[in-house]
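Results of the structural survey
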Amino acid sequence: MEQQDEQKEKLQQEGDSGEAGSTASENLQAAAKAVEEKLEEGKEELKNQAEELATEAQGQVEQLAEEAQDKVNEIAPEAEKQAEAVESKLEEAVQEVQANAGEAAEEVSEKAKEFAKEAETKAEEATQEAGAKVEEVVKKAEEATATAGAAVAEKASELKEKVETETDKKIKEIKAKKQVKDNANAENAGKNNSALFVGVAVVLILLVLASFFALLPRKTKVNLDKYVTVSFDGYDGYGKALVKFDKDAYLKDYKKKIKLKKNGNFLQDSLTKNYGAAELLYDFYIDGNWKIEGDSSDGKLKNGETVKLSWGFNQEELEEQFKVKFTSKGTEFKVEGLKDVKLFDGFKDFDYKFTGISPEGAVEWKGTGDMDGSKGYYFTVEPSMDLKNGDKVKVKIEPANPESLIQKYGIAPKETEKEITVEGLPSYVEKADAISDSLLQDMQKEITDKIQSQLASQGEEVSFVGAEYLGYYFLTSKSANAFEHNIMFPVMKVNVQINIPDKSYNAQHSYYFTGAFTNLMDEGSGKVTVDLNDMDIPYHYATVDTGVVAWFSTVKFNFSGFEDLNSLRNQCVSQKLDKYTVEETVKDPAAQSTESGAENKEESSSANEEKESSSAAESSAANPS
């Protein structure tokens, strides 16, 4: 101080003379420049020291946070609330410190003009004030941290003491180096020193804040949405979504941040020790645990639709277990890039034919072209058996849900169902009027040939005279499963000549004969067919007794057939009426002759009566007595 007074007195004396004034001015400028350089050096050194302290404090904070993590899990929610309150108060404190620093700087600047000593004093006061603020902040941090355990408070106290020690040390070093050489530069020196000390105080406050918040068990926020991409594959109307999760980017961001809550489970703790909590979270809980929701998210996506990816895991449970906070909300994607589907007419490749006989027909089919089965498409037909003309058959293209085939081959049938009508099947004749006259004549001829063949075996005594067609019996089965669906019996009256010369016997006799033609078929277009060679002869014999005595009896002849029509009808028709319906046109010629004779006799008697009446009338007219 004495040296400063002497310098001041010297400056006043030099001010009395012009030459002394010039020298003083130069000295002041040189001194100011030297002080400014020293202050810059001090400022840079202080900045470097602050950065070193910040780095060292950060390392201690990370180590301390790791040790304190397990101890504060149980009170994490409460500590987080307290952290928010303390954070608000600390922000206010920082603002207050910054405001005070500004005011202090202005005050120092004004008084520096008067005395360098006063500037130095103000700088010391500003430093003490900043230190007091640091102690206040640390005290508040210690009070909030006390609830997290004594270990955390102890570490915070150690950190505070170290920061204060380093701060005092640096301030003393700067003050020793900062000797004011010229009173004229007191203004700048005081102002710069004040600003530097206020800056140091702010840096220290921020370091304490960083240490405090690093110790708190704050949950790591995880947004899974940003690691997801969705692409679309397939064809328009049959597309599907492909989800891809960027696991590498996710692990890069969260591998060191996500921690698994320890629960004493040996297997789980052992697994996560080498596995990693972030990777465990993804592999066991996130991977594949998503779904695509939208208008057609069932594998039939269309271009232009909007779908949303949502997460399906238990959010609350995982947040508690892994100490995270999920901010994923799901992401919407617009469907695009799906290719157009090629539609084809599948039924043009449907080859089929009806086989068998109505009503026992069947349909045979196969697919060709795109329907040959190589692309997964095939036909089904229902019903395919027991068919008759006029039935409706339903043809379908399978499978009914061809999404996978369309996605694979890009083709789809225009129509998947069609109805066809059964036609062209030969059918069993159900009415006799369907039988043509020419076919009926062929059946008669076949019967006549059979009769002549049989009579030829009787010897020379019997000769065929002729066969007269009397009509038919036509039987139709009542069951569709009958072996014989219909039976045609053309009936013939057979006349034979029997000549026994040595007995002087020569006479005509007659009997009745028929043959059974079965399963007459309508081939379509009015064409009816039957196998004429497959004629069945009823087993029955007609006996003709000539009355010629020979040995102890009379000469008799047996012919395949029936002695009368009643016997024929009984065997061929009546015995089958429980299974068949019958149409018949057979007339007995003998009965017709008898009926005709009776009619003629009645007509003759009536004529005679009329003649007698007429004669009587004439006689009365001639003799009116």
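Refer to the structure printed above.
Each value, and the rule that gives it
Residues numbered from 1 in each chain as written. Predicted model: local features only at pLDDT ≥ 70, side-chain atom pairs only at ≥ 80, totals over all residues. Heavy atoms only, no water. Pairing = 2+ DSSP bridges. Helix = DSSP H or I, 4+ residues; strand = E, 2+ residues; numbered from the N terminus. Axes fitted to C-alpha atoms, helices over the stretch in contact; angles between N-to-C directions. Phe/Tyr/Trp six-rings, centres within 6.5 Å; stacked < 30°, edge-to-face > 60°. Buried < 20%, exposed > 50% of the residue type's maximum accessible area, 1.4 Å probe, protein only. Lys NZ or Arg CZ within 6 Å of the ring centre and 35° of its normal. Parallel < 35°, antiparallel > 145°, perpendicular 65-115°, else oblique. Left-handed = near helix turned anticlockwise from the far one by under 90°. Contact = heavy atoms within 4.5 Å. Polar contact = N/O pair within 3.5 Å; in protein donor to acceptor, adjacent residues only side chain to side chain. Arc of directions from axis to C-beta. Salt bridge = Lys/Arg side-chain N within 4 Å of Asp/Glu carboxyl O.

Glancing now at the sheet that holds strand E5 (residues 306–311). Taken in spatial order, the 3 strands make up an open sheet running E4-E5-E7, and their pairing is antiparallel. Where the open sheet ends on each side, the last strands, each with one partner, are strand E4 (290–294) and strand E7 (331–334). On average, each strand axis in the sheet is tilted by 30° relative to the strand beside it, whichever way the strands run. Pairing analysis gives 5 bridges linking E4 to E5, with the strands arranged antiparallel. By the bridge assignment, Trp290 is partnered in E5 with Trp311.

Looking now at the packing of aromatic side chains. Going through the model one piece at a time under the given rule, you end up with 20 aromatic pairs. Summarising the aromatic geometry, the rings of Tyr227 and Tyr254 are spaced 6.2 Å apart at their centres and angled 75° between planes, so their arrangement reads as edge-to-face. Remark: Tyr254 occurs in helix H7 (residues 247–254) and Tyr227 occurs in the loop between strand E1 (220–222) and strand E2 (228–233); sequence separation between them is 27 residues. Judged by relative accessible area, Tyr227 falls into the buried class, the value being 5%. Given the relative accessible area of 7%, Tyr254 is considered buried. Between Phe245 and Trp290, the ring centres sit 6.3 Å apart and the planes meet at 10°, which makes this aromatic pair stacked. Placement of the pair is Phe245 in strand E3 (residues 240–245) and Trp290 in strand E4, with a sequence separation of 45 residues. The exposure classification of Phe245 matches that of Trp290, with both residues buried. Its end group placed over the ring of Tyr235, Lys339 keeps NZ or CZ at 4.9 Å from the ring centre.

Moving on, we come to the packing of helix H9 (residues 277–286) against helix H10 (residues 315–322). For any two helices packed against each other, the geometry comes down to the angle between their axes and how far apart the axes lie. Closest axis-to-axis distance for the H9/H10 pair is 12 Å, and the angle between their directions is 160°. Judged by the inter-axis angle, H9 sits roughly antiparallel to H10. As for the relative orientation of H9 and H10, their crossing is right-handed in sense. Residue-level contacts link Ala277, Leu280, Leu281 and Tyr285 of H9 to Leu318, Gln321 and Phe322 of H10.

When we look at burial in H10, the residues that qualify are Leu318, Glu319, Gln321 and Phe322. Two or three places before Glu316, at the start of H10, stands the capping residue Asn314, its side-chain oxygen 3.4 Å from that residue's backbone nitrogen. Of the residues trailing H10, Lys323 is marked for its positive phi of about 55°.

This part covers the sheet that holds strand E13 (residues 392–398). Ordered by their spatial adjacency, 3 strands build an open sheet running E11-E13-E15, and the pairing between neighbours is antiparallel. At either margin of the open sheet sits one strand with a lone partner, and together these are strand E11 (378–382) and strand E15 (417–421). Adjacent strand axes in the sheet meet at a mean angle of 25°, parallel and antiparallel pairs treated alike. Looking at chain direction, E11 and E13 are connected through 5 bridges and run antiparallel. Residue Tyr378 lies in a different strand from E13, and its bridge partner there is Glu398.

Attention shifts here to H7. Regarding H7, the residues found buried are Tyr250, Leu251 and Tyr254. The arc that holds every buried residue of H7, seen down its axis, measures 95°, which confines them to one face. When the buried face of H7 is taken as reference, the exposed residues oriented beyond 90 degrees from it are Asp248 and Lys252. On its buried face, H7 sits against E1, E3 and H9.

Our next topic: the pattern of salt bridges. In the structure shown here, the tally under the stated rule is 10 salt bridges. A salt bridge links Lys445 to Asp449, with the nearest nitrogen and oxygen atoms 3.1 Å apart. In this pair, Lys445 and Asp449 are both assigned in helix H12 (residues 437–456), 4 residues apart and thus about one turn of the helix distant. Here Lys445 falls in the exposed class, since its relative accessible area comes to 52%. Residue class for Asp449 comes out partly exposed when judged on its relative accessible area of 34%.

This part covers the side chain of Lys493. When you line up the elements, Lys493 lands in strand E18 (residues 486–500). Those residues in contact with Lys493 that lie beyond four places of it in its chain are Gly466, Ala467, Glu468, Leu470, Ser510, Tyr511, Tyr512 and Pro589.

Omega for the peptide link from Ser358 to Pro359 comes to 10°, which places this bond in the cis form. Of note, Pro359 is situated in the loop between strand E9 (350–355) and strand E10 (361–367). The omega angle of the peptide bond from Glu398 to Pro399 is 5°, so this bond is cis rather than trans. Examined against the element boundaries, Pro399 turns out to sit in the loop between E13 and helix H11 (403–409). Unlike most non-glycine residues, Ser504 shows phi in positive territory, near 55°. Although it is not a glycine, Asn519 sits at a positive phi angle of roughly 55°. Relative to the elements of secondary structure, Asn519 occurs in the loop between strand E20 (516–518) and strand E21 (521–524).

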